[in-house]
Amino acid sequence: MAKINTQHSYPGTHRLSVRPTDEDIERIENGCIRTHSLCEDASSELQRVISVDGRHLSESQTSSFTGRGAMARLSRFVVSVRSWAARHLHHEDQRPDSFLERIRGPELVEVSSRQTQIRSFLGIHEQPGGVNRLKKEVFVIDPSSNMYYNWLTIIAAPVFYNWCMLVCRACFDELQVDHIKLWLFLDYLSDTIYVLDMFVRFRTGFLEQGLLVKDEKKLRNHYTKTPQFKLDVLSLVPTDLAYLKFGLNYPELRFNRLLRIARLFEFFDRTETRTNYPNIFRIGNLVLYILIIIHWNACIYFAISKAIGFGTDSWVYPNVSVPEYGRLSRKYIYSLYWSTLTLTTIGETPPPVKDEEYLFVVIDFLVGVLIFATIVGNVGSMISNMNASRAEFQAKVDSIKQYMQFRKVTKDLEARVIKWFDYLWTNKKTVDEKEVLKNLPDKLKAEIAINVHLDTLKKVRIFQDCEAGLLIELVLKLKPTVFSPGDYICKKGDIGREMYIIKEGKLAVVADDGITQFVVLSDGSYFGEISILNIKGSKSGNRRTANIRSIGYSDLFCLSKDDLMEALTEYPEAKKALEEKGRQILMKDNLIDEEAAKAGADPKDLEEKVEKLQTALDMLQTRFARLLAEFSSSQQKVKQRLVKVETRVKKYGSGTLSAGEAEAENPEEEKKQ
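This is a predicted model, so every value here is computed, not measured. (Residues numbered from 1 in each chain as written. Predicted model: local features only at pLDDT ≥ 70, side-chain atom pairs only at ≥ 80, totals over all residues. Heavy atoms only, no water.)

S.K.: Would you explain the layout of surface pockets in this entry?
M.R.: Vacant regions in the atomic arrangement are exposed by a probe of water-molecule size rolled over the atoms. Computed from the structure, the largest pocket encloses a volume of approximately 1,500 Å³. As for the largest pocket, its lining consists of 38 residues, of which T430, V431, D432, E433 and K434 are closest to the centre. Elements represented by at least two residues in the lining of the largest pocket include exactly α18 (388-406), α19 (411-426), α20 (433-436), α21 (442-457), α22 (468-477), β5 (479-483) and β12 (554-560). At 5 residues, the largest contribution of residues to the lining of the largest pocket is made by α21. The residue inventory of the lining of the largest pocket, partitioned by class, reads 18 nonpolar, 4 polar and 16 charged. (1 Å grid on protein atoms, 1.4 Å probe; cavity = no way out; pocket = protein on both sides within 12 Å on 5 of 7 lines; lining within 4 Å. Points joined across faces, edges and corners; volume = space filled by probe spheres on them. Helix = DSSP H or I, 4+ residues; strand = E, 2+ residues; numbered from the N terminus. Nonpolar A, V, L, I, M, F, W, Y, C, P; charged D, E, K, R; others polar.)

Here's what the structure looks like:
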């Protein structure tokens, strides 16, 4: 068998071009359609190439891949290999849920022309100026993604470290000297994360006309034009090179690292948005801010005491030569205690003696007043927000209690009502879904409703083959209802105006005595769907045919007849399909009169239509009368203005009225009127 040397198979003058001609693209297109024949051509071509003698290899391959149609033959070979790999290596994906697809709609797929598909298949992209080259992919981080939030968590750690430890190390010398190696390691680790953060910012996308920008140049220009870019650069200025001159005991040289504080605030904002307990997070965040302010104030107090001299007066920190006050822990705790008493203004501290001490205490008192006002205001509003739902629910319960007491409702019924409210609050079923979702657009409302009610709606037979738009309308109209133990959902002979789907609980179909149970309905069961369709020829009409009673507390979804008919007005074909499906169900159960079904329209339906038309006509007449009254009023005003203009023209002729004459004329006309 001939040995093929891939390094010397093709002369340098016969290397393939990267730009296919239009004729080649057309041949590729035809080749993509006829996959089976391409495989045969490619296999025969391979056999012909390999079977030749080694000394004729260069000549045969040159003639095979050069000349007219060379690019097409090579492309056919590539297509055949890829199609074979796709058939043998790719497994069939999981079959999607057709019911779910009808509701959610098809996925967004970018559809391009056939020629573009062929070019992208070959990895070739058209660039301006007619040059084809492989497009360079740029890694871009979506600011709304989890990856970006995880990075914010990482960058927030060194920022918080610098804000807490730099000032503490600068004021307490023992803390800096005793752990110098640890601080150097943490400092330069934080600097490394700062540098990586700048690269992340250069690759953080932003929205332009609603789309995420992924162009490298635009991303770079967008970041460099922001004020934060300047602060980031300043935060990385190597000011700690001054260690070489002043020594390692001056961590205040790194205070420029505090300029990255915006990252910490961004992390807090996004965490507050993502957390399920925003009120608790806000309280914790407020306490953290207060602790940082107290911490900084304590460090500044110790630094001022060191500058004035320890123990020189009663206000500064005591003399450190005393062993009790020479320990590092006592220094920090004493300073923190003094700072807390001063800022909260709830304790007595030694009075200042020197002018600079007075000035510092005055500033502390002002900051303390602001902190106290902030604590009272924010904590009060947070607690109010946390108890808002409970207060609103309790107000409803109190109003119901007052009403029942005023109307002298029996104690048994009053106890049942109170137990029903207690069940709602205990099981967190007091939320009004429409009130909560009213600020969302209809599309998101539908998505949430589908996510919540989809499994329930899929179990109803008559809705399984409906259009996606109708299913969305019906999902939005489902209303949750809670029934207490012993409540009748419907009784035999009642007019059916709703259908019910059981979400949770058990219902019993009982006899007229209310005790004998025929069958028990559980989660996922439904009833009443036939009565709300008004199917002609139904022996039961729109009347209930059974007594259904709740055994315990039951959560049901209710779909009213009016909501269903309102949704079906825009889907006449779906209405016919639903009626036909309901008719088949009735025929299966022998509950339909075929002669009545074949007869003309039901007189009751005609009466209902006539009543609706009459109501619509009355509304139109009312609107027309209102418009006519407005038109008459405006016409009367125009006539009055024309009369005034004619009077002035007759009195003054065709000349222009002066401002004084017009003002003098107006009071006279008003008196006449």
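S.K.: Where do I start with the environment of T349 in this structure?
M.R.: Looking at where T349 falls in the secondary structure, it is placed in the loop between α16 (328-344) and α17 (355-386). Along the chain, T349 and W338 lie 11 residues apart, while their C-alpha atoms are 7.0 Å from each other. Residues in contact with T349, not counting those within four places in the same chain, are W338, L341 and T342. (Contact = heavy atoms within 4.5 Å.)

S.K.: Whenever I open this one, the side chain of D487 confuses me. Can you help?
M.R.: Within the secondary structure, D487 sits in the loop between β5 and β6 (488-490). For D487, the side chain forms a polar contact with the side chain of R416, separated by 2.5 Å. At 2.8 Å, the side chain of D487 forms a polar contact with the backbone nitrogen of S484. Those residues in contact with D487 that sit more than four places away from it in its chain are R416, I548, R549 and S550. (Polar contact = N/O pair within 3.5 Å; in protein donor to acceptor, adjacent residues only side chain to side chain.)

S.K.: Sorry if this is basic, but what is going on with the environment of S335 here?
M.R.: As for its position among the elements, S335 is in helix α16. Judged by its relative accessible area of 0%, S335 falls in the buried class. Once the C-alpha coordinates of S335 and S305 are considered, the two residues, 30 residues apart in sequence, prove to be 9.9 Å apart. Discounting residues that sit within four places of it in the chain, S335 has contacts with F172, A298, Y301 and F302. (Buried < 20%, exposed > 50% of the residue type's maximum accessible area, 1.4 Å probe, protein only.)

S.K.: Explain the pairing of strand β11 (residues 547-550) to me, please; I cannot follow it from the model alone.
M.R.: With 2 bridges connecting them, β6 and β11 associate as antiparallel partners. Bridge pairing in β11 links C490 to I548. As paired elements, strand β8 (residues 507-510) and β11 share 4 bridges and run antiparallel to each other. Following the sheet pairing, L507 is matched in β11 by S550. (Pairing = 2+ DSSP bridges.)

S.K.: Looking at this model, I keep getting lost on a nonpolar patch on the surface. Mind explaining?
M.R.: Among the surface-exposed residues, L231, L234, V237 and L259 lie close enough to one another that they form a single nonpolar patch of about 280 Å² accessible area. Relative to the elements of secondary structure, L259 occurs in the loop between α12 (243-246) and α13 (261-274). (Patch = residues over 30% accessible without salt bridge, like charges linked within 9 Å, V, L, I, M, F, W, Y side chains within 5 Å. Areas by Shrake-Rupley, 256 points an atom, 1.4 Å probe, with all protein chains shown as cover. Salt bridge = Lys/Arg side-chain N within 4 Å of Asp/Glu carboxyl O.)

S.K.: Could you clarify how one ought to interpret the environment of N150 in this entry?
M.R.: Mapped onto the elements, N150 comes out in helix α7 (residues 146-171). The class of N150 is partly exposed, set by a relative accessible area of 44%. Spatially, the C-alpha atoms of N150 and F267 are 9.4 Å apart, while their sequence positions differ by 117 residues.

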